[in-house]
Amino acid sequence: MKFVDEARVEVVAGNGGNGMASFRREKYIPKGGPNGGDGGRGGSVIAVADRNINTLIDYRYARLHRAKGGEHGRGSDQYGAGAEDIILRMPVGTEVHDAETDERLFDLVRHGQSEVLARGGQGGLGNLHFKSSVNRAPRQSTNGEPGEQRLLRLELKVLADVGLLGMPNAGKSTFITQVSNARPRIADYPFTTLHPNLGVVRVGLERSFVIADIPGLIEGAAEGAGLGHRFLRHLARTRLLLHLVDVSMFDVNRDPVAEAIAILNELKKYDPALYDKPRWLVLNKTDTLAPDDRAARIADIVARFPWKGPTFEVSALTGEGCVALCSEIWKSMVEHREPEPDDGVVDVRFEHDD
Ligand SMILES: Nc1nc2c(ncn2[C@@H]2O[C@H](COP(=O)(O)OP(=O)(O)OP(=O)(O)O)[C@@H](O)[C@H]2O)c(=O)[nH]1
Ligand SMILES: [Mg+2]
């Protein structure tokens, strides 16, 4: 399925039905009183966050969402029926902006959260309501209110605790496959991953965190090289970035340190706040290093790295080092989370659904 994380839609709520001015007319009952009913309420357009939806693709095709108007009131005390609301299901993580002012109106962060995008108009009052001791035959009624309408820009920013950053082929998808229930495509050519994938890492009973695997980033992404840098928006809500670096030595012209620096520059260009997020270095593909070369290779890379932070050595393919890394992630998340009961025991198990 195609992944779409931006869309523009127009939402138009229904108008309220008009109130009616009419009088009771029956044989042998002269001067029957007012009996005009109220108009019904117009339908609203409502957004609901749904965890079973992963993309905004539906909104690329269907742009106009118009709810029906309420029925007009009628004579003989009949009220007009209200119109049904229209429900627009959107992925969790969707931000709703006013397309004209760019103001952020809503942020759908919880499954089931619902927000009114355009409110249906109230129905008008029938002349029943205007009867009084001094006016027994009121002729007035009111018209229904117009429904709201808005142009909206929807932007999906996936909700994940941890984001994976790295060059194409660094092994991001292999890593998320190793540690979570996600099953993205893996291949030895660049840009295998074309859209974000989320995976749940289970860390013992009732404990888990979510990792986002995004397309690889290359130098010049800010200017559109490769897939560009637009997918970096999906790292915006994470609390920790894992920067995966391929340490294998198959290609002697490839310098992992230069590559990593290029990525950091792209990150900074895209958004300094993203650059300032906690970031750990994950040296991947350690299984490809001959035991004799390994220590020297790793030491050289770490020494030439311009910033110092937590560093891990893993093989996403064999799983070596992955449990240790995930326990550290969990510990750091518990530390930075609102206090909750924790017995300090970290028991990482990778559950595969298939
Ligand atoms: N030997 C070895 N190969 C690995 C390891 N991790 C990934 N690979 C291989 O590296 C290649 C790229 O892996 P992917 O997981 O698709 O890389 P990616 O970072 O998701 O790449 P893009 O989606 O293109 O950005 C595949 O052929 C993997 O099998 C590892 O730890 N050891
Ligand atoms: Mg990938």
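To start, this report covers the structure provided alongside it. (Residues numbered from 1 in each chain as written. Chains lettered and ligands numbered in written order. Predicted model: local features only at pLDDT ≥ 70, side-chain atom pairs only at ≥ 80, totals over all residues. Heavy atoms only, no water.)

### Concerning the sheet that holds strand E8 (residues 149–156)
Moving on, step 1. On the basis of which strands lie adjacent, the open sheet formed by 5 strands has the order E3-E1-E8-E5-E6 and mixed pairing. Either end of the sheet is taken by a strand with one partner, and the two such strands are strand E3 (64–66) and strand E6 (104–108). For this sheet, the mean angle separating the axes of adjacent strands, direction not counted, is 25 degrees.
Moving on, step 2. Inspection of the sheet shows strand E5 (residues 94–98) paired to E8 by 5 bridges, in the antiparallel sense. The residue bridging Glu95 from the neighbouring strand is Glu155, located in E8. (Pairing = 2+ DSSP bridges. Helix = DSSP H or I, 4+ residues; strand = E, 2+ residues; numbered from the N terminus. Axes fitted to C-alpha atoms, helices over the stretch in contact; angles between N-to-C directions.)

### Digging into the site of ligand 1
Moving on, step 1. What surrounds ligand 1 is a group of 24 residues, the closest being Lys172, Thr174, Phe191, Thr193 and Asp287.
Moving on, step 2. Separating an oxygen atom of ligand 1 from a backbone N or O atom of Gly171 is a distance of 2.9 Å.
Moving on, step 3. Leu317 places a main-chain nitrogen or oxygen 3.1 Å from an oxygen atom of ligand 1.
Moving on, step 4. Coverage of ligand 1 by the protein amounts to 90% of the 650 Å² it exposes when considered alone.
Moving on, step 5. Cavity membership is defined here by more than half of the atoms lying within 2 Å of grid points; on that basis ligand 1 lies in the second largest pocket.
Moving on, step 6. With 3 residues, helix H2 (residues 172–179) is the single largest residue contributor to the shell around ligand 1.
Moving on, step 7. When grouped by side-chain class, the residues that make up the shell around ligand 1 number 10 nonpolar, 10 polar and 4 charged. (Near = heavy atom within 4 Å. Polar contact = N/O pair within 3.5 Å; in protein donor to acceptor, adjacent residues only side chain to side chain. Areas by Shrake-Rupley, 256 points an atom, 1.4 Å probe, with all protein chains shown as cover. 1 Å grid on protein atoms, 1.4 Å probe; cavity = no way out; pocket = protein on both sides within 12 Å on 5 of 7 lines; lining within 4 Å. Sits in = over half its atoms within 2 Å of the grid points. Nonpolar A, V, L, I, M, F, W, Y, C, P; charged D, E, K, R; others polar.)

### Side note on the pattern of salt bridges
Should their charged atoms come close, side chains of opposite charge can pair.
Moving on, step 1. Taken as a whole and judged by the stated rule, the model has 22 salt bridges.
Moving on, step 2. For the salt bridge of Arg153 with Asp102, the shortest nitrogen-to-oxygen distance reads 3.0 Å. Residue Arg153 is found in strand E8, and its partner Asp102 is found in the loop between E5 and E6; the two are separated by 51 residues along the sequence.
Moving on, step 3. Taking relative accessible area as the criterion, Asp102 reaches 44% and is therefore assigned partly exposed.
Moving on, step 4. A salt bridge links Asp107 to Arg237; the nearest nitrogen and oxygen atoms lie 3.0 Å apart. Of this pair, Asp107 sits in strand E6 while Arg237 sits in the loop between strand E11 (208–213) and strand E12 (240–246); the two residues are 130 residues apart in sequence, bridging distant segments of the chain.
Moving on, step 5. Judged by relative accessible area, Asp107 falls into the buried class, the value being 18%.
Moving on, step 6. Bridged by salt links that share partners, the residues Asp5, Glu6, Asp102, Arg153, Glu155 and Arg233 form one connected network. (Salt bridge = Lys/Arg side-chain N within 4 Å of Asp/Glu carboxyl O. Buried < 20%, exposed > 50% of the residue type's maximum accessible area, 1.4 Å probe, protein only.)

### Overview of helix H6 (residues 322–335)
Structural remark: α-helix, 3.6 residues per turn; residues separated by three or four positions point the same way.
Moving on, step 1. With 14 residues, H6 extends 20 Å from end C-alpha to end C-alpha; this agrees with the ideal 20 Å at 1.5 Å per step.
Moving on, step 2. Among the residues of H6, Cys322, Leu325, Cys326, Ser327, Ile329, Trp330, Ser332 and Met333 are the ones counted as buried. (Expected span 1.5 Å × (residues − 1).)

### As for the environment of Gly319
Moving on, step 1. Positionally, Gly319 belongs in the loop between strand E14 (311–313) and H6.
Moving on, step 2. Here the alpha-carbon distance between Gly319 and Thr174, two residues 145 residues apart in the chain, equals 9.7 Å.

### As for the layout of surface pockets
Moving on, step 1. Within this model, the largest pocket holds a volume of roughly 660 Å³.
Moving on, step 2. As for the largest pocket, its lining consists of 26 residues, of which Arg51, Ile53, Asn54, Leu159 and Leu198 are closest to the centre.
Moving on, step 3. The class makeup of the residues in the lining of the largest pocket is 14 nonpolar, 7 polar and 5 charged.
Moving on, step 4. Lining the lining of the largest pocket are residues from two domains, each supplying at least three of them: domain 1 (6–156) and domain 2 (162–335).
Moving on, step 5. Computed from the structure, the second largest pocket encloses a volume of approximately 420 Å³.
Moving on, step 6. Forming the boundary of the second largest pocket are 25 residues, of which Asn169, Gly171, Thr174, Ala187 and Lys285 lie nearest the centre.
Moving on, step 7. Among the elements that make up the lining of the second largest pocket, the one with the highest residue count is H2 (3 residues). (Points joined across faces, edges and corners; volume = space filled by probe spheres on them. Domains from an automatic or database assignment.)

### Considerations on empty space enclosed by the protein
Moving on, step 1. In the structure shown here, the tally under the stated rule is 1 cavity of 30 Å³ or more.
Moving on, step 2. Approximately 50 Å³ is the volume found for the largest cavity.
Moving on, step 3. In terms of lining residues, the largest cavity is bounded by Leu164, Leu165, Gly166, Ile214, Pro215, Gly216, Leu217, Leu227, Gly228, Phe231 and Leu232.
Moving on, step 4. Looking at the lining of the largest cavity residue by residue, the class counts come to 8 nonpolar, 3 polar and no charged.

### With respect to the pairing of strand E2 (residues 45–50)
Moving on, step 1. Of all 6 residues in E2, 6 are buried; the element is thus mostly enclosed.
Moving on, step 2. The sheet contact formed by E2 and strand E4 (residues 86–91) spans 6 bridges and is parallel. Pairing of Val45 across the sheet is with Ile86, part of E4.
Moving on, step 3. Both E2 and strand E7 (residues 114–118) contribute to a ladder of 4 bridges, which runs antiparallel. Bridge assignment links Ala47 to a residue of E7, and that residue is Glu115.

By themselves these figures say nothing about function.
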